[in-house]
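Architecture at a glance
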Amino acid sequence: MNSRQTGPRHLNRKADRHGIPAHGPWELTGMEVPKVARQRFLDDVTDIVGQAFLGHTLQCARCHDHKFDPIPTQDYYAMQACFATTQLSEREAPFLPAENTRGFEEIKYLEMRRAEHLASLRRLDGVSLKAAGAWFKEKSLDRSAWDAALAKIRTRQPDTRANARREFFGLFDAARNALLKQGVPEAEYPPKNLGFNVEDYGHERIARKGLERLRWEMERYEPYAFAVYAGRTPALKSVNAPLRVPAARLEDGELEITAILAGGDPFSPKTPVKPGTLSALGGRSAVIPEGIEGRRLALADWIASADNPLTTRSIVNRLWQWHFGRPIAGNPNNFGATGKKPTHPELLDWLANRLVKEGWSIKAMHRVIMMSEAYRRSARHPHPERLKQQDPHGVSYAAFQPRRLAAEEIRDAMLLVSGELNPTIGGIPARPEINMEAALQPRQVMGTFAPAWQLNPLPAQRHRRSIYVLKLHGLRDPFMEVFNEPIPEFSCEARDASNVTPQVFSLFNSAATFDRGLQLARRILRDGIADAQVISALFLHTCGRPPTEQEQQKCLVHWGNMTRRHEGLTLPRQVLPTEVVREAVEENTGEKFTFTERLHVSADYQPDLVPGEMDAKLRGLAEVALVLFNSNEFAFVY
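The subject of this paragraph is helix H8 (residues 295-303). Along an α-helix, residues three or four apart share an orientation, since each turn contains 3.6 residues. Counting buried positions along H8 yields seven of nine residues, so the element is predominantly enclosed. Residues Arg295, Arg296, Ala298, Leu299, Ala300, Trp302 and Ile303 constitute the buried set of H8.

Quick look at the structure:
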């Protein structure tokens, strides 16, 4: 964060304006009970705010007073009342002049998919219209009302409203709705989905639901942001399109009255509760307004107050954990009685006070920690046996404890040393290469099939920093998963750092990793230096030091062996599939059907270096690079 824009008031206003409470799993379909979905959101945001900012698991006080910490149920619902007027929406957010809009031309692939869905629905509309003639003839019914309704609809302008519930409404369905409104008995006009076979039922659902999902996907390229607003709770039964802030947000809808819920059941309210904060902090508690507006801002002011002893300690505890691989207080999400006690409580207090003195500057705190003697100590202690006896758990910081890079850091580090990393800030989410089986696996979302994972067509877009990679709840990158990337549904206080065999397979055998090694090899060989200097350059790029004589000789031997091996290999060019055939069971009939999903990006895909087009010597050096990618020196911070 820019150090000129720090400070608690800036932090909490940014948090409130950009909709941090909206960042979580939430959906409302026709099969969900709206009140239950709403309560699930309120429970989620209350608990996550408690864990992330205050270091306390408030969820334990949802059904009863907290069994270990001084958090009564009253406090839990008082905190939740701060969000009772918080509503979700996509808000207009005009692009700033400096904002990154590169890659926006990729919306054309979504438009291609949209055109396919519309064509499918038009075809099915024609099927039903054709079958309607036969139906009237078979039933010997008068079709004059039907024909009049069709004629009137054909002259009507289509609904182009941005928030229209359905993007496509065929003539057949429109005529049925018109006759229904006129009070015509259902037996006197054709039934829904007339003339459909098993395939048609399935294709109609895929196209209709696909258009709904596209409305959200296409808004990534529009000046809208998923955020929140203060207002009454609108009466929603399902959400099939992006939501907008209502014009009468303070008048229309239900003004929720927060109450203690028996057993956490939204249908069993007991004692009403006013908005508030944690009573255990005594005089440090805040007064939260009871009006519709201002609740979240007052809560944010309290959270980001220098007088709040929890927030500052939560922040510096996580910063310390980032640099040292472990926090001072062992459970960053739980400062309570069941969390691990701080190993150095005085240090935690000192860092919290220093954060306030530095104007809440995160950059300044990074500098304080990284310039400390504890951080700059070597990982090799001069007396390791004595250290092991006196500090078996490594809590003294007498020697630096090596920290393995997180999954995202490993990917970014490989892109950096290969010279491919795109450091551009901001922009639409990147879609890098992932395992092809995972990319094409069938997934369900909102009652239909989710589209396959398609890469960005250009290397510059694929090779952006991992912080900008698109994250989907239903699809995880196997490479990231095997290196302990946490699931996105919950707040992760500390990542695991396991060492398991699949990690070796991912780094040695994946096509993406070999591409990084290939690019690094070409980067070094391009300079036309001697073989021994090539190995030295390889070590300098990956380990930050020259190799020892033994390392250099072993790498030269391995390079020669791999070069000879690749001389006898013919590597086929990878061709991305242009379509994938899906099979599903149609829920209306219970019968199987198939459909073809077209992968439009494949036609414009520009690959990285093609292994089969590189000579054996370069591919052999790439194999040496893979060995160094697997080394502890590359994967750990020492």
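Next comes the rest of the description.
Looking now at the nonpolar core. By size, the foremost hydrophobic cluster in this structure holds 35 residues, and its most contacted members are Leu538 and Leu621. Beyond its immediate stretch of four places on either side in the chain, Leu538 contacts Leu520, Ile524, Leu621, Val624, Ala625 and Leu628. Counting 27 residues, the second largest nonpolar core, distinct from the first, contains Leu58, Ala61, Tyr77 and Leu261.

With that out of the way, let us pick up the confidence of the model for the chain. For the chain, per-residue confidence averages 90 on the pLDDT scale, and 94% of positions sit at 70 or higher. Low confidence marks residues 1-18, where pLDDT is under 50. Its contacts with residues over four positions away, or in another chain, come to 30 contacts.

Okay, the side chain of Ser314 next. Assignment of secondary structure puts Ser314 in helix H9 (residues 309-324). The contact partners of Ser314, leaving out residues within four places of it in the chain, are Ala52, Phe53, Gly55, Pro332 and Phe335.

Among the secondary structure elements, Arg403 is positioned in strand S5 (residues 403-404). Among the polar contacts made by the side chain of Arg403, one reaches the main-chain carbonyl oxygen of Trp322 at a distance of 3.2 Å. In terms of polar contacts, Arg403 uses its side chain to reach the side chain of Glu409, at 3.2 Å. For Arg403, the residues in contact, after removing those within four places along its chain, are Trp322, His323, Phe324, Gly325, Glu409, Ala635, Phe636 and Val637.

In this structure, Thr448 sits in strand S7 (residues 448-449). For Thr448 and Lys209, which are 239 residues apart along the polypeptide, the C-alpha to C-alpha distance reads 6.3 Å.

Another point: helix H18 (residues 501-509). Listing the buried residues of H18 in full gives Gln503, Ser506 and Leu507. End-on, the buried residues of H18 take up no more than an arc of 90 degrees, which puts them together on one face.

This part is about the packing of aromatic side chains. Counted by the stated rule, this structure contains 18 aromatic pairs. With a centroid separation of 5.2 Å and an interplanar angle of 85 degrees, the aromatic rings of Trp135 and Phe136 are classed as edge-to-face. Across this residue pair, the class does not change: Trp135 and Phe136 are buried. Residues Phe324 and Phe400 carry aromatic rings whose centres are separated by 5.9 Å and whose planes lie at 40 degrees to one another, so their mutual orientation is tilted. Taken together, the residues Phe324 in helix H9 and Phe400 in the loop between helix H13 (384-390) and S5 connect sequence positions 76 residues apart.

Moving on, we come to the pattern of salt bridges. Applying the stated criterion across every chain yields a total of 32 salt bridges. Between Glu409 and Arg403 there is a salt bridge; the shortest N-O distance is 3.2 Å. Under the relative-accessibility criterion, Arg403 is labelled buried at 14%. The salt bridge partner of Asp412 is Arg411, with a shortest N-O separation of 3.4 Å. Residues joined in a network through salt bridges with shared partners are Glu420, Glu433, Arg462, Arg516 and Asp608.

Before going further, it helps to spend a moment on the packing of helix H19 (residues 511-525) against helix H22 (residues 616-629). The description of two helices packed together rests on the angle between their axes and the distance between the axes. Across the interface, H19 lies against H22 with an axial gap of 8 Å and an inter-helix angle of 115 degrees. Viewed along their axes, H19 and H22 form a crossing whose handedness is right-handed. Contacts between H19 and H22 involve Thr513, Phe514, Arg516, Gly517, Leu518, Leu520, Ala521, Arg522 and Leu525 on the former and, on the latter, Leu618, Arg619, Leu621, Ala622, Glu623, Ala625, Leu626 and Phe629. For the contact of H19 with H22, the class distribution of residues is 11 nonpolar, two polar and four charged.

Reading the values: rules and limits
Residues numbered from 1 in each chain as written. Predicted model: local features only at pLDDT ≥ 70, side-chain atom pairs only at ≥ 80, totals over all residues. Heavy atoms only, no water. Buried < 20%, exposed > 50% of the residue type's maximum accessible area, 1.4 Å probe, protein only. Helix = DSSP H or I, 4+ residues; strand = E, 2+ residues; numbered from the N terminus. Core = buried A, V, L, I, M, F, W, Y, C linked by side-chain atoms within 4.5 Å. Contact = heavy atoms within 4.5 Å. pLDDT = per-residue confidence, 0-100. Polar contact = N/O pair within 3.5 Å; in protein donor to acceptor, adjacent residues only side chain to side chain. Arc of directions from axis to C-beta. Phe/Tyr/Trp six-rings, centres within 6.5 Å; stacked < 30°, edge-to-face > 60°. Salt bridge = Lys/Arg side-chain N within 4 Å of Asp/Glu carboxyl O. Axes fitted to C-alpha atoms, helices over the stretch in contact; angles between N-to-C directions. Left-handed = near helix turned anticlockwise from the far one by under 90°. Nonpolar A, V, L, I, M, F, W, Y, C, P; charged D, E, K, R; others polar.

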